[in-house]
Amino acid sequence: YISLSATKQLNEKGLPVSLKIVGSPVTEEDQPYAKQVAKDVEAAPYATLHDGIPHEMVRDELLQTDIFVHPSSTGSADKMRYEVTACAVPIISSNQTFVDLFEEENFPELIVRDRTPEEFAGNIEAIIKRSPEERADLGERLRAIAVRDHSLPGLIKRVTQLLKA
């Protein structure tokens, strides 16, 4: 519940931040966790819980998002990351794949190493205190990386380079 705790901390500091948790349990083993999350969100006036969003609605949902918080502990390249960055939404993540990329691209405010609510809250605060223009610029820089690294022309270029090697 890192995101929930981080949001609570920001609200206690007087920053009116809301959290929207989206997703449904995938397996039967997920059910107890999902029930606990629902209970905790219900007790938090600054958070809401929603079922999964159909794929065709993801883009519209992301375009209404100010910051995407991704407290993943895996190192896998999460498909959601590509969708978020393609929509020019700043993403704060503890996923090692993101950490490596964000270090390489010099985005320290998007990196979370210790996966603590305090660290997430600090990064969220740093981004929301930026001007709207600065946040938009950050989103556009992330979108440019998504286009460069994950678009069809980018893939063709990388495959061509590999074939020539």
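This is a predicted model, so every value here is computed, not measured.

### What to know about a negative patch on the surface
Together, Glu133, Glu134, Asp137 and Glu140 make up a negatively charged patch on the protein surface. For Glu133, the location among the structural elements is in helix α7 (residues 132-150).

### A few points about the environment of Pro54
Mapped onto the fold, Pro54 is located in the loop between β2 (47-50) and α3 (55-62). The exposure class of Pro54 is partly exposed, given its relative accessible area of 37%. Spatially, the C-alpha atoms of Pro54 and Pro25 are 14 Å apart, while their sequence positions differ by 29 residues.

### Re the layout of surface pockets
In this structure, the largest pocket encloses a volume near 1800 Å³. Along the wall of the largest pocket there are 46 residues; nearest its centre are Leu19, Lys20, Ile21, Val22 and Val69. Every element with two or more residues in the lining of the largest pocket is listed here: α1 (2-12), β1 (19-22), α2 (31-42), α3, β3 (68-70), α4 (79-86) and α6 (117-128). When residues of the lining of the largest pocket are assigned to their parent elements, the largest contribution, five residues, is made by α2. For the lining of the largest pocket, the class distribution of residues is 24 nonpolar, 11 polar and 11 charged. Among the elements that line the lining of the second largest pocket, the one with the most residues is α7, at three residues. Looking at side-chain class alone, the lining of the second largest pocket contains eight nonpolar, two polar and two charged residues.

### Side note on empty space enclosed by the protein
Inspection of the entire model under this criterion finds one cavity of 30 Å³ or more. There is about 50 Å³ of room inside the largest cavity. Residue lining of the largest cavity: Arg81, Tyr82, Thr85, Phe98, Leu101, Phe102, Leu142, Ile145, Ala146 and His150, and that is the complete set. Mapped onto the lining of the largest cavity, the elements with two or more residues apiece are α4, α5 (96-104) and α7. Ranked by residue count, the leading element in the lining of the largest cavity is α7, at four residues. Of the residues belonging to the lining of the largest cavity, the class tally is seven nonpolar, two polar and one charged.

### Observations concerning α6
An ideal rise of 1.5 Å per residue puts 16 Å on 12 residues; α6 measures up with 16 Å between its terminal C-alpha atoms. Restricting attention to buried positions, one finds in α6 the residues Pro117, Glu119, Phe120, Ala121, Asn123, Ile124, Glu125 and Ile127. On its buried side, α6 packs onto α1, β3, β4 (91-93) and α7.

### What about the packing of α7 against helix α8 (residues 152-164)?
It is at 5 Å that the axes of α7 and α8 come closest, and there the two elements cross at 45°. What the angle tells us is that α7 and α8 run oblique. Between α7 and α8, the residues in contact are Arg148, Asp149 and His150 and Leu152, Gly154 and Arg158, respectively. Classifying every residue of the contact of α7 with α8 by side-chain character gives one nonpolar, two polar and three charged.

### Notes on the confidence of the model for the chain
Counting all residues, the mean pLDDT for the chain is 87, and 96% of those residues have values of 70 or more. Here α5 stands out as the least confident element of the chain, with mean pLDDT 81; α6 is the most confident, with 94.

Conventions adopted
- Residues numbered from 1 in each chain as written.
- Predicted model: local features only at pLDDT ≥ 70, side-chain atom pairs only at ≥ 80, totals over all residues.
- Heavy atoms only, no water.
- Patch = residues over 30% accessible without salt bridge, like charges linked within 9 Å, V, L, I, M, F, W, Y side chains within 5 Å.
- Areas by Shrake-Rupley, 256 points an atom, 1.4 Å probe, with all protein chains shown as cover.
- Salt bridge = Lys/Arg side-chain N within 4 Å of Asp/Glu carboxyl O.
- Lys, Arg positive; Asp, Glu negative; His and termini not counted.
- Charge placed at Lys NZ, Arg CZ, Asp CG, Glu CD.
- Helix = DSSP H or I, 4+ residues; strand = E, 2+ residues; numbered from the N terminus.
- Buried < 20%, exposed > 50% of the residue type's maximum accessible area, 1.4 Å probe, protein only.
- 1 Å grid on protein atoms, 1.4 Å probe; cavity = no way out; pocket = protein on both sides within 12 Å on 5 of 7 lines; lining within 4 Å.
- Points joined across faces, edges and corners; volume = space filled by probe spheres on them.
- Nonpolar A, V, L, I, M, F, W, Y, C, P; charged D, E, K, R; others polar.
- Expected span 1.5 Å × (residues − 1).
- Contact = heavy atoms within 4.5 Å.
- Axes fitted to C-alpha atoms, helices over the stretch in contact; angles between N-to-C directions.
- Parallel < 35°, antiparallel > 145°, perpendicular 65-115°, else oblique.
- pLDDT = per-residue confidence, 0-100.

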